[in-house]
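Below are the chains, spelled out letter by letter.
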Amino acid sequence: MNIRLQVINKEFTFFLISRIIFTSGMKMVPVLLGWYLYELTGSKLVLGMLGLSEVIPAILLALPAGVKVDSSPKRALILKCFLAYVGIAFAFAAVTSDLSIGISSEHKTYIIYGIVGMTGLVRAYISPSFSAIIAQIVNPDDLVKAASVNSMSWLVAAVAGPLVAGFMVGFWQVSFSFLVISILMISALFIFSQIGEKQISYDKGKSRTWESVKEGVDFVWNQKALLGAMGLDMFAVLFGGAIALLPVFAKDILQVGPQAFGFLMSATYLGNFIAIYFLTKHPLLGKQGYTLIYSVAGFGICMIVFAFSQSFIISFIALLASGLFDGVSVIIRGTIFQILVPDHMRGRVSSVNSIFINSSNELGQFESGVAASILGTVPSVVFGGCMTLMVTVYSYFKVPALKKLEY
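Rules and cut-offs
- Residues numbered from 1 in each chain as written.
- Predicted model: local features only at pLDDT ≥ 70, side-chain atom pairs only at ≥ 80, totals over all residues.
- Heavy atoms only, no water.
- Helix = DSSP H or I, 4+ residues; strand = E, 2+ residues; numbered from the N terminus.
- Contact = heavy atoms within 4.5 Å.
- Areas by Shrake-Rupley, 256 points an atom, 1.4 Å probe, with all protein chains shown as cover.
- Axes fitted to C-alpha atoms, helices over the stretch in contact; angles between N-to-C directions.
- Parallel < 35°, antiparallel > 145°, perpendicular 65-115°, else oblique.
- Left-handed = near helix turned anticlockwise from the far one by under 90°.
- Nonpolar A, V, L, I, M, F, W, Y, C, P; charged D, E, K, R; others polar.
- Expected span 1.5 Å × (residues − 1).
- Bend = angle between axes of the 7 residues up to and from the residue.
- Salt bridge = Lys/Arg side-chain N within 4 Å of Asp/Glu carboxyl O.
- Buried < 20%, exposed > 50% of the residue type's maximum accessible area, 1.4 Å probe, protein only.
- Polar contact = N/O pair within 3.5 Å; in protein donor to acceptor, adjacent residues only side chain to side chain.
- Phe/Tyr/Trp six-rings, centres within 6.5 Å; stacked < 30°, edge-to-face > 60°.
- Lys NZ or Arg CZ within 6 Å of the ring centre and 35° of its normal.
- pLDDT = per-residue confidence, 0-100.
- Patch = residues over 30% accessible without salt bridge, like charges linked within 9 Å, V, L, I, M, F, W, Y side chains within 5 Å.

### Let's talk about the overall build of the chain
The secondary structure content of the chain amounts to 16 helices and zero strands. At a minimum sequence separation of 6, the contacts of the chain that also span at least 24 residues come to 89%. Surface exposure of the chain reaches about 16700 Å², of which carbon and sulfur atoms provide 67%.

Below you can see the structure in the form of structure tokens.
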């Protein structure tokens, strides 16, 4: 990453390292829980319910969390979230260990749902905090480059986390793996604490929380290009994502072990990283709206190919290619966010964006689990890929602001 030297100061370096460590640990959790619960219950619906457990608190708290982020010291808020995740990792370790040997599988599942709900609560605050604090630790001229480096560092962690988790499942007990995650979170907390406190970017004064929330929602509503990009991504991943069903594909269709499952979980993020790294060096020049629509269509086609594949190699390549297309969407949405959103609105707009993201990712997991239980594993993913293609066709003809998107 040649741009790294151009944008990173000491505090941004602390930010990147801590976020990589935190994200790596966070991305290990779905691998560990997915494999553990599918072995424990054999239920596809249980895997889908994991997403629903996380998304409910994340969506309910997203908008007030954005106001909190804008009107609070972001450093302190992020440190509290790190500390909360340490406790969450310990709770996962306890419920999957021999300490819970007397608890039935059904009760263990419900306890895990409750703990996963706590991760949704933390995410409601930490995601917009991460997005908002970047503008306070780099120069304004470096914001776009910093956003690209931040995206790539996040993707490095998103690739490494599932890979490491897959090997941990193969060699260690799941409970011990969660203890490792807690150590990672403590390390991230310590490194991030080296960043100095920043000024509060927004003083809501006597305004009520929901008045401040409305300002953020109105801003997004009036930025039709930003709204269109968020909506397109939300519906594409809501229908087209198959992450929740990867344990089923790995064990029942591809008949591979936890290490290969870890590779499948990392494939999309690896594709994201390759695309973002390439586009950082060779930025898109004009007609980014059309590129976004075509990329989402490519994502849907890749998911259909993945659904029909019975080869691990083909499945991995299909997921990798879907990540390449998704990476184009990530870089376009990340760039227009940094360009269009003023500093005092970043927390609230990030929270609105997180509703779209959480709706697509976690509700998408729930949709996948329900659809697989009703239609079957392969037909449900084919259906999702077709729905993604329909969403892109609708966006092409009915959302002119998205086609006009250009920077």
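After that view, the rundown keeps rolling.
### Regarding the environment of G51
Examined against the element boundaries, G51 turns out to sit in helix α3 (residues 44–70). C-alpha separation for the pair G51 and V116, spaced 65 residues apart in sequence, amounts to 8.5 Å.

### As for the packing of helix α2 (residues 10–41) against helix α11 (residues 258–281)
The interhelical angle for the contact between α2 and α11, taken along N-to-C directions, is 140°, at an axis separation of 11 Å. Taken as axis vectors, α2 and α11 run oblique relative to one another. Handedness of the α2/α11 crossing: right-handed. Here K27, P30, V31 and W35 of α2 lie close against α11, whose contacting residues are P258, F261, M265 and Y269. Classifying every residue of the contact of α2 with α11 gives seven nonpolar, no polar and one charged.

### Quick look at α11
The end-to-end C-alpha separation of α11 is 35 Å, in line with the 34 Å expected for 24 residues at 1.5 Å each. Approximately 35° is the largest bend angle found in α11, and it occurs at A267.

### Brief notes about the pattern of salt bridges
In the structure shown here, the tally under the stated rule is two salt bridges. Of the charged contacts in the structure, one is a salt bridge between E39 and K251, with a shortest N-O distance of 3.7 Å. Taken together, the residues E39 in helix α2 and K251 in helix α10 (residues 246–253) connect sequence positions 212 residues apart.

### Focus: the packing of α3 against helix α5 (residues 105–137)
Contact geometry of α3 with α5 gives a least axis separation of 7 Å together with a crossing angle of 35°. Pair α3 / α5 crosses with right-handed handedness. Residues belonging to the contact of α3 with α5 are distributed by class as follows: 17 nonpolar, six polar and three charged.

### Points about the environment of Y394
Within the secondary structure layout, Y394 lies in helix α15 (residues 377–398). Counting along the chain gives 162 residues from Y394 to L232, while the straight-line C-alpha distance between them is 9.6 Å.

### As for the side chain of T96
Within the secondary structure, T96 is located in the loop between α4 (74–95) and α5. Overall, T96 belongs to the buried group, its relative accessible area being 11%. A polar atom in the side chain of T96 sits 3.4 Å from the backbone oxygen of A93. In this view, T96 contacts Y36, V174, S175 and F178; residues no more than four positions away in its chain are not counted.

### What about the packing of aromatic side chains?
This structure, assessed with the given rule, holds 19 aromatic pairs. With a centroid separation of 6.3 Å and 40° between ring planes, the pair formed by Y290 and Y294 is classed as tilted. In this pair, Y290 and Y294 are both assigned in helix α12 (residues 288–308), four residues apart and thus about one turn of the helix distant. Among the aromatic residues, those joined into a ring-pair cluster are F12, F15, F22, F82, Y85, F130 and F192. The ring centre of W35 lies 4.7 Å from the NZ or CZ of K251, which sits over that ring.

### Details of the confidence of the model for the chain
In this model, the chain carries a mean pLDDT of 80, and residues with pLDDT of at least 70 account for 84%. Mean pLDDT across the elements of the chain bottoms out in helix α1 (residues 4–7) (43) and peaks in helix α7 (residues 174–192) (92). Under a pLDDT of 50 for its full length, residues 1–7 has, in the predicted model, 16 contacts with residues more than four places off or in other chains.

### As for a nonpolar patch on the surface
Taken together, the side chains of F90, F167, F171, W172, F176, L179, I186 and F263 define a hydrophobic patch exposed on the protein surface, amounting to about 800 Å² of accessible area. At the level of secondary structure, the elements contributing two or more residues to the nonpolar patch comprise α6 (143–171) and α7. The biggest single contributor to the nonpolar patch is α7, with three residues. Here W172 lies in the loop between α6 and α7. Residue classification places W172 among the partly exposed positions, given a relative accessible area of 41%.

### Describing unusual backbone geometry
Phi at Q255 is positive, roughly 55°, even though this residue is not glycine. Residue position: Q255 is located in the loop between α10 and α11. Residue classification places Q255 among the exposed positions, given a relative accessible area of 65%.

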